[in-house]
Amino acid sequence: MKLTKSLSIVARKMVLAPSSHEEIFEAVVRRAKKSGGTALLRKKLGHMKRVEIRKIEVANSYVVNRLKKIALTTPFVRELHPFYRELLGIIVDLDLLKRSLSRIYGAASIVNKIAKEHILAIKKAKDRTSMIKYRRAYFGRLKSILEDLDEDFKIVRNAQIKILKLPDVNPGIFSVVVAGPPNVGKSSLVRALTRAKPEVREYPFTTKSLTVGHLTIDSTVVQVLDTPGLLDRPLSARNKIELQAILALQHLANLIIFMFDPTETCGFTLNYQVGVLREILNSFKNIPFIFLANKVDIATSKHIEKMNRVAQELPGVGNVLFISAKEGINLDKVKKIIERYVKEREESRSVYIS
Ligand SMILES: Nc1nc2c(ncn2[C@@H]2O[C@H](COP(=O)(O)OP(=O)(O)OP(=O)(O)O)[C@@H](O)[C@H]2O)c(=O)[nH]1
Ligand SMILES: [Mg+2]
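Since the model is a prediction, treat every value here as computed from it, not as a measurement.

So, how was this worked out
Sequence order as written defines residue numbering, which begins from 1 separately in each chain. All chains are assigned letters beginning at A, and all ligands numbers beginning at 1, according to the order in which they are written. Only residues with pLDDT of at least 70 get local features here, since the model is predicted, and only at 80 or more are side-chain atom pairs given and counted; chain-wide, interface and lining totals rely on the full set of residues. Strand pairing is defined by DSSP finding a minimum of two bridges between the two strands. We count a stretch as a helix when DSSP gives it H or I for four or more residues in a row; a strand needs E for two or more, and each element gets its number in order from the N terminus. Domain start and stop positions are those given by an automatic or database domain assignment. Contacts are defined on C-beta atoms placed from the backbone: any two residues whose C-beta positions lie within 7 Å are in contact. Under the convention used throughout, the expected extent of a helix is 1.5 Å for every residue step, that is, one less than its residue count. Comment: burial labels come from other C-beta atoms within 10 Å of the residue's own C-beta, placed from the backbone, where a count of 20 or more is buried, 12 or fewer is exposed, and between is partly exposed. For our purposes the nonpolar core covers buried Ala, Val, Leu, Ile, Met, Phe, Trp, Tyr and Cys residues that link as a set through C-beta atoms within 7 Å. Convention used here: a crossover is right-handed provided that the path from the first strand, over the helix, to the second strand proceeds clockwise when the strands point away from the viewer. Per-residue confidence from the prediction method is given by pLDDT, with values spanning 0 to 100. Axes here refer to lines fitted to C-alpha atoms; in helices the fit is confined to the stretch in contact. Angles between the N-to-C directions go from 0 to 180 degrees. Orientation labels follow simple angle bins: below 35 degrees gives roughly parallel, above 145 gives roughly antiparallel, 65 to 115 gives roughly perpendicular, and whatever is left gives oblique. Residues are grouped as follows: Ala, Val, Leu, Ile, Met, Phe, Trp, Tyr, Cys and Pro are nonpolar; Asp, Glu, Lys and Arg are charged; all remaining types, including Gly, are polar. Placing a C-beta atom from the backbone of each residue, we mark the residue near a molecule or strand if the atom is within 6 Å of it. Within this analysis, the arc is defined by the directions that extend from the helix axis to the C-beta atoms.

**A short note on the sheet that holds strand 3 (residues 220-226)**
Thinking step 1. The mixed open sheet is built from six strands, whose spatial order is 2-3-1-4-5-6. Of all the strands in the sheet, the pair left with one neighbour each is strand 2 (211-217) and strand 6 (321-322).
Thinking step 2. Relative to strand 5 (residues 289-293), strand 4 (residues 255-260) runs parallel, the two being bridged by five bridges. Residue pairing in the sheet places Ile256 in a bridge with Phe289 of strand 5.

**Considerations on the environment of Ala125**
Thinking step 1. For Ala125, the location among the structural elements is in the loop between helix 5 (94-124) and helix 6 (128-148).
Thinking step 2. As a C-alpha pair, Ala125 and Ile338 span 213 residues in sequence and 77 Å in three-dimensional space.

**What about the domain arrangement of the protein?**
Thinking step 1. Along its sequence, the protein is carved into domain 1 (7-165) and domain 2 (175-353).
Thinking step 2. Placing a centre on the C-alpha atoms of domain 1 and another on those of domain 2 gives a separation of 48 Å.
Thinking step 3. Taken residue by residue, the interface counts six residues in domain 1 and six residues in domain 2.

**Section: helix 3 (residues 45-73)**
Side chains of residues three or four places apart in an α-helix project in the same direction, reflecting 3.6 residues per turn.
Thinking step 1. Over its 29 residues, helix 3 extends 42 Å from the first C-alpha to the last, a length consistent with the 42 Å expected when each residue adds 1.5 Å.
Thinking step 2. Those residues of helix 3 that sit buried are Met48, Glu52, Ile53, Lys55, Ile56, Ala59, Asn60, Val63, Leu67, Ile70 and Ala71.

**Remarks on the nonpolar core**
Thinking step 1. Membership of the largest hydrophobic core comes to 88 residues, with the highest contact counts inside it found for Val156, Val177, Val178, Ala248 and Leu292.
Thinking step 2. Counting residues per element, this core draws most heavily on helix 5, at nine residues.
Thinking step 3. Each of domain 1 (7-165) and domain 2 (175-353) accounts for three or more of the residues forming this core.
Thinking step 4. Ignoring any residue separated from it by four or fewer positions in sequence, one finds Leu292 in contact with Ile257, Met259, Val320, Leu321, Ile323 and Val334.

**Considerations on the pairing of strand 5**
Thinking step 1. The element strand 5 is extensively covered by neighbouring structure, given that four of its five residues are classed as buried.
Thinking step 2. Once the chain exits strand 4 it traverses helix 10 (residues 270-283) before rejoining the sheet at strand 5, and the crossover so formed is right-handed.
Thinking step 3. Here two bridges tie strand 5 to strand 6, and the two strands are oriented parallel to one another. Bridge pairing in strand 6 links Leu292 to Leu321.
Thinking step 4. Handedness of the β-α-β unit built from strand 5, helix 11 (residues 301-313) and strand 6 comes out right-handed.

**Some thoughts on the confidence of the model for the protein**
Thinking step 1. Summarising the model, the protein shows a mean pLDDT of 92, and 95% of its residues fall at 70 or more.
Thinking step 2. Segment residues 1-5 is flagged for pLDDT under 50; beyond a separation of four residues in sequence, or across chains, it makes 15 contacts in the model.

**Quick word on the packing of helix 5 against helix 6**
Thinking step 1. Between helix 5 and helix 6, the least distance of the axes is 9 Å, while the angle of their chain directions is 170°. Considered as vectors, helix 5 and helix 6 are oriented roughly antiparallel to each other. Within the contact between the two elements, helix 5 uses Ala107, Ile110, Val111, Ile114, Ala115, His118, Ala121 and Ile122 and helix 6 uses Met131, Tyr134, Arg135, Ala137, Tyr138, Arg141, Leu142 and Ile145.

**Some details on the packing of helix 3 against helix 6**
A packed helix pair is summarised by two numbers, namely the angle formed by the two axes and the spacing between the axes.
Thinking step 1. Close contact between helix 3 and helix 6 brings their axes to 10 Å; oriented N to C, the two are set at 5°. Taken together, the axes of helix 3 and helix 6 are roughly parallel relative to one another. Every residue of helix 6 that contacts helix 3 at Leu45, Met48, Lys49, Glu52, Lys55, Ile56, Ala59 and Val63 is listed here: Arg128, Met131, Arg135, Tyr138 and Leu142.
Thinking step 2. For the contact of helix 3 with helix 6, the residue count by class is eight nonpolar, no polar and five charged.

**What about the site of ligand 1?**
Thinking step 1. Taken together, 24 residues form the shell around ligand 1, and within it Gly185, Ser187, Thr207, Gly229 and Lys326 come nearest.
Thinking step 2. Here the residues of the shell around ligand 1 are counted per class, giving eight nonpolar, nine polar and seven charged.

**Focus: the pairing of strand 4**
Thinking step 1. In terms of burial, strand 4 is largely enclosed, as six of its six residues are buried.
Thinking step 2. Taking every second residue as pointing to the same face, both faces of strand 4 are buried, with Leu255, Ile257 and Met259 on one and Ile256, Phe258 and Phe260 on the other.
Thinking step 3. One ladder, built from four bridges, connects strand 1 (residues 175-179) with strand 4; its direction is parallel. Following the sheet pairing, Val176 is matched in strand 4 by Leu255.

**Re the environment of Arg135**
Thinking step 1. Mapped onto the fold, Arg135 is located in helix 6.
Thinking step 2. Taking the C-alpha atoms as reference, Arg135 lies 12 Å from Arg50; in sequence the two are 85 residues apart.
Thinking step 3. Leaving out residues up to four positions away in the same chain, Arg135 has contacts with Glu52, Lys55, Ile56 and Ile122.

**What to know about helix 10**
Thinking step 1. For helix 10, with 14 residues, the first-to-last C-alpha span of 20 Å sits near the 20 Å given by 1.5 Å per residue.
Thinking step 2. Listing the buried residues of helix 10 in full gives Leu270, Gln273, Val276 and Leu277. Along the axis of helix 10, the buried positions cluster into a sector of 115°, meaning they face one direction only. Residues of helix 10 that are exposed and point over 90 degrees away from its buried face: Asn271 and Asn282.
Thinking step 3. The elements touched by buried residues of helix 10 are strand 4 and helix 11.

Structure, rendered in structure tokens:
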């Protein structure tokens, strides 16, 4: 199971862990009851044996199947694409998840063994009372094994729900990652360029995880990723939310859009924003950048002058494109630039192939 393509296909097949053992146990009891009929009313001992054994078999196959499925349909971390592996590592304790998955899988074999023992005991039983006693004992042991898994169910379910919420990115296609300080308008741009609808708010740190949108250029589908805002600090000091942005840059970006807010209405001075950029520029030297200055609809000439001056002085920056994500100003130019990079990559690839 190699996850170079879509995580969603794998995620959709996941069998969710129950929110508590009771959910499984109740389902088991229901099934066993249905299978057994009214054994007590039957007269023949042999028939009653078969009924009691059937109850255990039905319960057992349901539980074993369900436990195994929970364990085996949850993606194995080591088989995930490095982007997902690291992303999941940020939001889930992978060691705990691994331990819980193997405990759940291991419990399936224990349940199976106990079923066999109790079936054997019923087969050997000489009277009705002992048969019922063994069947009840099986269900008692089953209940306590499931009870012991409660914490594991919780850990796995929690991780599975997080896996379901991971952005459905395709690490193999051209990706534009929109990055920048908080509140500068990154999500607004992704909303404007694609059909994705990341949340937009007037305060910083609105975006707490990655969102992916798509843009079709000619017939090529391009991914546009919205990321959480970045502060001016080294990688080692970044929190879990910022690290998601860094992972997108590290693993997915073929092109980085860095966004400034020259109006500083984002709450961060332009100097501070430059500090954020410096850190990113240093870390991603081999990826092309586009520099956008957002909110031109409310920018004064002073803001524009300062932005231009700062950009000229920054090594590796030079020109910035003034846009308004909100009012749709110059977005066609942004698309054209993206298109240029997509085509460049396609041409360099075709040269390489031929
Ligand atoms: N005037 C103006 N406001 C804008 C523009 N783009 C975004 N905004 C406003 O800026 C605020 C932040 O926008 P978001 O798109 O949420 O910014 P963000 O960079 O995604 O913010 P975080 O997710 O918190 O990092 C919102 O109040 C937007 O309405 C723009 O072009 N012009
Ligand atoms: Mg945002």
